[in-house]
Amino acid sequence: LREGQPMELNVPVTISRHLVPTHWDNKPPPYLIVSGFVFSALSVPYLEAVRAWSTYVCDNVSYLLGVTSSEPLQQRNDQLVILTQVLANRANLGYENLTDLHLVTFNSIKVRSLTHLEFLIKNNQHP
């Protein structure tokens with residue numbers, strides 16, 4: 001392989017970036033409210049708040065736990081965007097029970113982060 005000779009190699013070392021952050025550096029979590037739909041980035045503090053590791057909560061939280069370990073970080077600012085709750089309003093009547101849902105796409109475009117979702121909503125061409 002090396003014919004018994006020692007080799008010197010340069011190996012780049014970087015800080016591991018996780019798709020699901022473990023904290024927000026003592027800042028409030030990011031969120032986006034659109035027509036009463038509250039979106040946030042999935043994080044360990046959020047999962048702790050919904051008691052994801054203590055007992056079975058619901059299928060949606062179980063799914064989010066699975067996504068935390070299976071989704072790789074593809075770009076530096078990627079986030080898993082979730083619908084955390086729906087505020088009661090006449091405009092979204094019937095949707096108030098939706099919680100803890102992973103938002104994958106918006107108008108067939110993969111959502112990469114809260115900032116990306118905001119951009120997609122503001123530039124939406126569909127009524």
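In this text, all values refer to a predicted model and were calculated from it rather than measured experimentally.

Enquirer: Please set out the side chain of D100 residue by residue, giving values where relevant.
Expert: You can see D100 is positioned in the loop between β3 (81–86) and β4 (101–102). A distance of 2.2 Å separates the side chain of D100 from the side chain of Y46, its partner in a polar contact. Aside from chain neighbours lying at most four places away, what touches D100 is Y46, V50, N60, V61, L64, L83 and T84.

Enquirer: Describe the side chain of S40, with residues and values.
Expert: For S40, the position within the fold is in strand β2 (residues 37–41). For S40, a relative accessible area of 9% puts it in the buried group. A distance of 2.8 Å separates the side chain of S40 from the backbone oxygen of P30, its partner in a polar contact. Beyond its immediate stretch of four places on either side in the chain, S40 contacts P29, P30, Y31, L80, V81, I82, T84 and L114.

Enquirer: Please give an account of helix α3 (residues 114–122) that cites residues and values.
Expert: Listed in full, the buried residues belonging to α3 are L114, L117 and L120. In a view along the axis of α3, the buried residues occupy a sector of 120°, so they form one face of it. Projecting away from the buried face of α3 at angles above 90 degrees are the exposed residues T115, F119 and K122.

Enquirer: Before we move on, can you summarise the sheet that holds β3 with the specific residues and values?
Expert: An order of β1-β2-β3-β4 is seen for the 4 strands of this open sheet, with the pairing classed as antiparallel. Edge positions in the sheet fall to β1 (31–34) and β4, since each has one partner strand and no second. Looking at chain direction, β1 and β2 are connected through 4 bridges and run antiparallel. If you follow V34 over to β2, its bridge partner there is F37. The strands touched by α3 within the sheet are β1, β2 and β3, with β1 carrying the most contacts at an inclination of about 25°.

The rules behind the values
- Residues numbered from 1 in each chain as written.
- Predicted model: local features only at pLDDT ≥ 70, side-chain atom pairs only at ≥ 80, totals over all residues.
- Heavy atoms only, no water.
- Helix = DSSP H or I, 4+ residues; strand = E, 2+ residues; numbered from the N terminus.
- Polar contact = N/O pair within 3.5 Å; in protein donor to acceptor, adjacent residues only side chain to side chain.
- Contact = heavy atoms within 4.5 Å.
- Buried < 20%, exposed > 50% of the residue type's maximum accessible area, 1.4 Å probe, protein only.
- Arc of directions from axis to C-beta.
- Pairing = 2+ DSSP bridges.
- Axes fitted to C-alpha atoms, helices over the stretch in contact; angles between N-to-C directions.

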